[in-house]
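Residues per chain are reported as follows:
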Amino acid sequence: MITVLGIVTVVAVAGVWMFRRRWTQLVIGATVAFPQTAGIVVDGNGFPLFYLAVVELVVLGAPAMLLALARPRTSPQARAAGRRRFPSDLLGVALVVWAAVITIAGPRIFAGTRVFDPALGVDSQVGNMSLLAPSLGNIAQLGYLTLGVLVLLMAGRLFPVDTRLLGSALWVALVLGAVRMVAEPVWPHALLQNMPGYSYATPERLSGTFYEPSVLGLYLVAAACYFGVRLLRGPAPRTRIAAVLALGLVVLEFIANASGTALLGLVVVAAAGAAVLLVRALRLPAKGSAKVGVSPWAIIGGTGLLALGLTQLPLLYDLTVGSAERKASSFSYLARGLANERSWQIFLETSGLGVGLGSHRPSSLFFLVLSCLGLVGTILLVVLVIVALVAAARSEAIAAGWALVGVLVSGVIAVPDLSVPLIWVGLAVCVAGSATRADTEFLQGTTAQVPALEPAELVE
């Protein structure tokens, strides 16, 4: 059964594909804000809106992709674009191949291994872990990974991509989170919180369009990184104004969210950003370059935040130190620590091979990848992320690069879900966010050919 939002998604994707190809990234980005909202429900299992949109893109773009592969371009620009995208393409495909091998074989080779079943709560399995066996969850998680890598391969080829793909996702999540803050009594729970098997959080802490506050916390960290960089590096006044408004929403929702994931994620990313700025400040003068400049907008914004913080010291203490103390003393914190510890044991017991996607659920994205995909999968994913971040640093997608860092840091802290759409959208924007004409030459002469974005269009 297709849901109301599923119908809207299918119609929107088909519409932009046929009539306004360059808007495809905006529609895809909007679905990223609903990772726990079902587009299709079949036999008690839900299929998220984002992955429904990706499947539709694969179907719509398949003829053009096959035609392009049958008649490849040989121009120097096309070959250069292929070489630029080849490392990320190869790593993505290798990750899917290895994931398929270990996800199919792992639950059979290591059947009976004690794991934290992803279908059950972590807390309930402390002292009573499940026994590993093949399940539908293995196939589902492998499918999500495959579709995520397909986004990486299609972005910038089937449709133009720049940082707006990520920006639209974050804007939708922030705006709807703010709407829920003031309109909880009329929030459309039946429309948005319809994923079978999910236990959605109560309204005491803001969770926005997500099923629990920690996932919103991950998006808030990504939004803080993305809009923070755009505030500092934005080439146009309207870009900086929009970034200030978005960061204001991030602050308000961070307070209502009260998530330890958001708190620790912001601290880690802020420390990383400070380290990068310090290194640049020390290196540039030595090369004879100008010193690192500071935007007046950054000074004004920083002064305002400092003044606000000084007037709210008790509240800030409760949100930071107090929140951390409460979390560390809870049974949930203990249970998640045990799940992570068990992940390391699984990694050792399987000789570094892993037990396959969907077989075990720890409390950290790192331990999820390590225990489920093993050493090979972990290395492939880490190298893919590094390649994407390097590509972002060399293009217009630097804001997306920092947002990806924020997503991964938050995932490592407390969101053990490799199917989070923001991960794959972030990777796609980093490797294809410059939207060069050479990339689109991959489809030269086919019905899926799309125009490259001009430099002025990359601002927003």
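Structure: above.
Residues numbered from 1 in each chain as written. Predicted model: local features only at pLDDT ≥ 70, side-chain atom pairs only at ≥ 80, totals over all residues. Heavy atoms only, no water.

Asker: Sorry, what's going on with the overall build of the protein here?
Answerer: Looking only at helices and strands, one finds 17 helices and 4 strands in the protein. Relative to all contacts within the protein whose residues are 6 or more apart in sequence, the contacts with residues 24 or more apart total 75%. (Helix = DSSP H or I, 4+ residues; strand = E, 2+ residues; numbered from the N terminus. Contact = heavy atoms within 4.5 Å.)

Asker: Whenever I open this one, helix 2 (residues 24-32) confuses me. Can you help?
Answerer: Within an α-helix, residues lying three or four positions from one another point in the same direction, as the helix has 3.6 residues per turn. The buried fraction of helix 2 amounts to 7 of the 9 residues, a majority that puts the element mostly inside the structure. Residues of helix 2 that are buried: Thr-24, Gln-25, Val-27, Ile-28, Gly-29, Thr-31 and Val-32. (Buried < 20%, exposed > 50% of the residue type's maximum accessible area, 1.4 Å probe, protein only.)

Asker: Quick question: what am I supposed to make of the pairing of strand 2 (residues 45-48) here?
Answerer: On a regular strand, each side chain points to the face opposite its neighbour's, so the side chains alternate between the two faces of the sheet. Judged by which residues are buried, strand 2 turns out to be one-sided: Gly-46 and Pro-48 face inward and are buried, whereas Asn-45 and Phe-47, on the alternate face, are not. Where strand 1 (residues 38-42) lies against strand 2, 4 bridges are found, and the strand directions are antiparallel. What sits directly across from Ile-40, in strand 2, is Phe-47. Hairpin geometry of strand 1 and strand 2 is characterised by an intervening segment of 2 residues between the two adjacent antiparallel strands and by a positive phi of about 55° at Asp-43. (Pairing = 2+ DSSP bridges.)

Asker: Where do I start with the pattern of salt bridges in this structure?
Answerer: It is possible for side chains bearing opposite charge to pair when their charged atoms get close. A full pass over the atoms with the stated rule returns 4 salt bridges. Here Arg-180 makes a salt bridge to Glu-184, at a shortest N to O gap of 2.7 Å. The buried category is assigned to Arg-180, whose relative accessible area is 3%. Across the pair Glu-349 and Arg-342 runs a salt bridge, and its minimum N-O distance is 2.9 Å. With relative accessibility at 9%, the residue Arg-342 sits in the buried group. (Salt bridge = Lys/Arg side-chain N within 4 Å of Asp/Glu carboxyl O.)

Asker: What am I meant to see in the environment of Ala-105 here?
Answerer: By secondary structure assignment, the location of Ala-105 is in helix 4 (residues 76-109). A relative accessible area of 26% means that Ala-105 is categorised as partly exposed. For the pair Ala-105 and Gly-354, spaced 249 residues apart in sequence, the C-alpha separation works out to 9.9 Å.

Asker: Looking at this model, I keep getting lost on unusual backbone geometry. Mind explaining?
Answerer: Note: most peptide bonds trans; most residues except glycine with negative phi. Unlike most non-glycine residues, Asp-43 shows phi in positive territory, near 55°. Following the sequence through the fold, Asp-43 ends up in the loop between strand 1 and strand 2. Even without being a glycine, Ala-258 presents a positive backbone phi close to 50°. Looking at the element boundaries, Ala-258 is found in the loop between helix 9 (237-257) and helix 10 (260-286).

Asker: Sorry if this is basic, but what is going on with the packing of aromatic side chains here?
Answerer: For any two aromatic rings, the description comes down to two numbers: the centre-to-centre distance and the angle of the planes. Under the criterion given, the structure shown has 10 aromatic pairs. Taking the centre distance of 4.4 Å and the plane angle of 40° together, the rings of Phe-210 and Tyr-219 count as tilted. Seen from their ring centres, Trp-344 and Phe-347 are 5.3 Å apart, and the 25° between their planes marks the pair as stacked. Residue Trp-344 and its partner Phe-347 are located together in helix 13 (residues 331-349), separated by 3 residues, close to a single helical turn. Here a set of aromatic residues connected by ring pairs shows up, and it is made of Phe-47, Phe-50, Tyr-51 and Tyr-144. (Phe/Tyr/Trp six-rings, centres within 6.5 Å; stacked < 30°, edge-to-face > 60°.)

Asker: Honestly, the packing of helix 8 (residues 213-233) against helix 9 in this entry has me stumped. Any pointers?
Answerer: The angle between the axes and the distance between the axes are what describe a pair of packed helices. Remark: helix 8 packs on helix 9, axes separated minimally by 9 Å, with the N-to-C direction vectors making an angle of 155°. In terms of orientation, helix 8 and helix 9 fall into the roughly antiparallel class. The two elements helix 8 and helix 9 meet at a crossing, and its hand is left-handed. On helix 9, the residues touching Pro-213, Leu-216, Gly-217, Leu-220, Ala-223, Ala-224, Phe-227, Gly-228, Arg-230 and Leu-231 of helix 8 are Thr-239, Arg-240, Ala-243, Val-244, Ala-246, Leu-247, Val-250, Glu-253, Phe-254 and Asn-257. The residue makeup of the contact of helix 8 with helix 9, split by class, is 13 nonpolar, 4 polar and 3 charged. (Axes fitted to C-alpha atoms, helices over the stretch in contact; angles between N-to-C directions. Parallel < 35°, antiparallel > 145°, perpendicular 65-115°, else oblique. Left-handed = near helix turned anticlockwise from the far one by under 90°. Nonpolar A, V, L, I, M, F, W, Y, C, P; charged D, E, K, R; others polar.)

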